[in-house]
Amino acid sequence: MSGTPRHFLDLKDFDGATLRLILDTARLWRDARDGRPKGAVDDGAPLAGRALAMIFEKASTRTRISFDMAMRQLGGTSLVLESGAMQLGRGETVADTARVMSRYVDVIMIRANVHSMVEELAAHAGVPVINGLTDRSHPCQLMADMMTFEDHRGPIAGRRVAWVGDGNNVAVSLIEAAVRLDFALTMACPPALAPPDGVMQWAQSQGGSVTLTDDPAAAVAGVDAVFTDTWVSMGDARDNARLQALAPFQVDKALMNRAAADAIFMHCLPAHRGEEVTDDVIDGPGSVVWDEAENRLHAQKAVLAWCLGAIG
Ligand code: CP
Ligand code: NVA
C-alpha cells in the first residue's frame, strides 16, 4: 500500500460519516449472508488474497476468534501471534517489528498492554494497524456495540445511554463514540475510577454531551441502554479498595428498572456475574450481550475492509 496506511486506532480519529459507512457496510454484509454456514465465504470474497496478522499481549476469546473468522469469511487469511513467542519478547524493537511484519502481511491487529506501543507500531508500519484493545481504549468493541444498539433500538443519534462502573478502556471508546455519533452519555463511576480527565475534556471541547456522576441511579434514569464492564480489567490489581469502590455500581434489576421500559443491557464480555452485573440482568429480556458478541465479527469485517481500501 502506498501513502499513509488507514489505521484504526481510536474512534476519536474518525469523523461520524466514516464510522457510519463502516457500520452500514457491516449490517449490509451481515444481512447478505442470510444464515449461510459460518465457514462460507461472502459473495465476491472482498478481501481475497489479503492477510491479517494478530499480535496478542493479553488474553482474548471474542477478538481473536471474530477477527480470524472475519478474514476467512471475507476470503482472506489470518495468523495469530502470541507476543511472548516473538522476538519482541527478546528485545527486537516495536519499530523494527512493524517494518518486518509489513513485508509479510497486509494488515496488523494488536492487543497490547500499553497504548503507546500500538501508536509506535502504527508509526512504523507500512500497512494498517488495528487497535484490538489497549489500556486506553477498545474501539472495535464500540463499533459492534453501536451496531447492536441500532439493531435493537434504531438510530443512536440523539439517544441517551449510561455507563455504570469502572471508567476503563471500553468506557473511553464509548465516550468517543458518543461524541462522533452524536448521542448523550452519562458516566456513573466512582470518583477514583473515573475516565481520564483528558478524555472528558476532549469530549467537552468537541461539544459532546458526556457527563460524569457518582450516582448510578441518577445516571440510568430513563436511558435507552445501560452499559457496564468488568470491575477488574486485564492489567488491573484485584484489590479490596477497587472492589469496595465499585460495589454500589452493580447493575441489578432495581437499577435497570430505573431506565426506559424497553432499555437494553450491554456488556462487552467476559462478564463477572455477581460483580458488575447480576444473573437476572445479563440473562434477562433486556440483555443483548450475545448479539453484541456476534456483531464483533460483522463490525470488524467492515473495519478490515475500510483499512484495506475495499470500502470508502
Ligand atoms: N470483548 C472482548 O474484547 O472480548 P475478548 O477479551 O474475549 O476478546
Ligand atoms: N475492560 C476489559 C475489557 C475486556 C474485553 C479489559 O481490558 O480487561
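In this report, the structure presented in the accompanying data block is examined. Every chain is numbered on its own, with residues counted from 1 as its sequence reads. Written order decides the labels, with chains lettered from A and ligands numbered from 1. pLDDT decides what is reported in this predicted model: residues at 70 or higher carry local features, side-chain atom pairs at 80 or more are listed and counted, and totals for whole chains, interfaces and linings draw on all residues regardless. Hydrogen atoms and water are omitted, and side-chain values are computed over all heavy atoms in the structure.

## Focus on the pattern of salt bridges
Between side chains of opposite charge, a pair can form when the charged atoms approach closely.
So, point 1. Between Lys or Arg on one side and Asp or Glu on the other, a salt bridge is scored when a side-chain nitrogen of the former is within 4 Å of a carboxyl oxygen of the latter. Counted according to the given criterion, the structure contains 21 salt bridges.
So, point 2. Among the ionic pairs, Lys 12 bridges to Asp 13, the shortest N-O distance being 3.3 Å.
So, point 3. Summary of the burial criterion: residues with accessible area below 20% of their type's maximum are buried, those above 50% are exposed, and those between are partly exposed, where the area comes from a 1.4 Å probe applied to protein chains only. Judged by relative accessible area, which is 27%, Lys 12 ranks as partly exposed.
So, point 4. A salt bridge links Arg 136 to Glu 176, with the nearest nitrogen and oxygen atoms 2.8 Å apart. With a gap of 40 residues between them, Arg 136 in the loop between strand E4 (129-131) and helix H5 (139-153) and Glu 176 in helix H6 (residues 169-181) connect regions that are remote in the sequence.
So, point 5. Looking at Arg 136, the relative accessible area reads 21%, which means it is partly exposed.
So, point 6. For Glu 176, a relative accessible area of 0% translates into the label buried.
So, point 7. Through salt bridges with shared partners, a single ionic network connects Arg 27, Arg 30, Asp 31 and Asp 151. Starting at the N terminus, helices and strands are each numbered in turn, a helix being any DSSP run of H or I of at least four residues and a strand any DSSP run of E of at least two.

## As for unusual backbone geometry
So, point 1. Of the consecutive residues Leu 269 and Pro 270, the connecting peptide bond is found in the cis state with omega at 5 degrees.
So, point 2. For Pro 270, the location among the structural elements is in the loop between strand E9 (264-267) and helix H11 (279-282).
So, point 3. Of note, the phi angle at Ala 45 is positive, near 35 degrees, even though the residue is not glycine.
So, point 4. Mapped onto the secondary structure, Ala 45 falls in the loop between helix H1 (16-33) and strand E1 (51-56).
So, point 5. Take Leu 269: it is sitting in the loop between E9 and H11.

## What about the site of ligand 1?
So, point 1. Throughout, near means a residue has at least one heavy atom within 4 Å of the molecule or strand. Looking at ligand 1, the residues that line it are Ser 60, Thr 61, Arg 62, Thr 63, Arg 111, His 138, Gln 141, Cys 268, Leu 269 and Arg 296.
So, point 2. Within the side chain of Gln 141, one N or O atom sits 2.9 Å away from a nitrogen atom of ligand 1.
So, point 3. Residue-level accessible areas treat just the shown protein chains as cover; the underlying method is Shrake-Rupley with a 1.4 Å probe. If ligand 1 stood free it would expose 260 Å²; the protein chains cover 96% of that surface.
So, point 4. Gly is put with the polar residues, along with every residue not named as nonpolar or charged; the nonpolar set is Ala, Val, Leu, Ile, Met, Phe, Trp, Tyr, Cys and Pro, and the charged set is Asp, Glu, Lys and Arg. Here the residues of the shell around ligand 1 sort into 2 nonpolar, 5 polar and 3 charged.
So, point 5. Just so you know, the domain bounds were taken from an automatic or database domain assignment. Inspection of the shell around ligand 1 shows a minimum of three residues originating in each of domain 1 (11-138 + 294-308) and domain 2 (141-292). Pairs of N or O atoms within 3.5 Å make up the polar contacts considered here, provided that, within protein, one atom can donate a hydrogen while the other can accept it, and that residues adjacent in sequence are counted only when both atoms are side-chain atoms.

## Some points on the pairing of strand E2 (residues 77-82)
So, point 1. A strand pair is defined by DSSP finding two or more bridges across the two strands. Here E1 runs beside E2; their pairing, made up of 6 bridges, is parallel. When the sheet's bridge partners are listed, Ala 51 is paired in E2 with Thr 77.
So, point 2. Taken together, E1, helix H2 (residues 62-73) and E2 constitute a β-α-β crossover, and its handedness is right-handed. When the strands point away from the viewer and the connection leading from the first strand across the helix to the second strand turns clockwise, the crossover is called right-handed.

## With respect to the packing of helix H3 (residues 94-101) against helix H4 (residues 115-124)
So, point 1. To define axes, lines are fitted to C-alpha atoms, for helices over the stretch in contact only, and angles between the resulting N-to-C directions are given on a 0 to 180 degree scale. Where H3 contacts H4, the axes come no closer than 8 Å and their chain directions differ by 45 degrees. Considered as vectors, H3 and H4 are oriented oblique to each other. Helix-helix and strand crossings are classified by hand; for H3 and H4 the assignment is right-handed. Touching Val 94, Ala 95, Ala 98 and Arg 99 of H3 are Met 117, Glu 120, Leu 121 and His 124, all from H4.
So, point 2. Among the residues forming the contact of H3 with H4, the class breakdown is 5 nonpolar, 1 polar and 2 charged. Reported orientations rely on four angle classes, namely roughly parallel under 35 degrees, roughly antiparallel over 145, roughly perpendicular from 65 to 115, and oblique for the rest. Crossings are sorted by hand: turned counterclockwise from the far helix by less than a right angle, the near helix makes the crossing left-handed, and turned clockwise it makes it right-handed. In what follows, a contact means two residues having at least one pair of non-hydrogen atoms within 4.5 Å.

## Here's the deal with the pairing of E1
So, point 1. The buried fraction of E1 is high, at 6 of 6 residues.
So, point 2. Side chains of E1 alternate between two faces, with Ala 51, Ala 53 and Ile 55 and Leu 52, Met 54 and Phe 56 buried alike.
So, point 3. Taken together, the 5 bridges between E1 and strand E3 (residues 107-111) define a ladder with parallel strand orientation. In the sheet register, Phe 56 faces E3, and the bridge partner there is Arg 111.

## Considerations on the side chain of Thr 186
So, point 1. Mapping Thr 186 onto the fold places it in strand E6 (residues 184-188).
So, point 2. A residue is classified by how much of its surface remains accessible, and Thr 186, at 17% relative accessible area, is buried.
So, point 3. A polar contact is formed between the side chain of Thr 186 and the side chain of Thr 211, at a distance of 3.5 Å.
So, point 4. Apart from the residues lying within four places of it in its own chain, the contact partners of Thr 186 are Val 161, Ala 162, Trp 163, Thr 211, Thr 213 and Ala 219.

## A look at the site of ligand 2
So, point 1. Around ligand 2, the neighbouring residues are Leu 133, Asn 168, Asn 169, Asp 229, Thr 230, Ser 233, Met 234 and Leu 269.
So, point 2. Here Asp 229 contributes a side-chain N or O atom positioned 2.6 Å from a nitrogen atom of ligand 2.
So, point 3. In this structure, a nitrogen atom belonging to ligand 2 sits 2.7 Å away from a side-chain N or O atom of Ser 233.
So, point 4. Against a free-state accessible area of 270 Å², the protein chains account for coverage of 94% of ligand 2.
So, point 5. Here the residues of the shell around ligand 2 sort into 3 nonpolar, 4 polar and 1 charged.

From the geometry alone we can't say anything about function, so treat these as descriptive.
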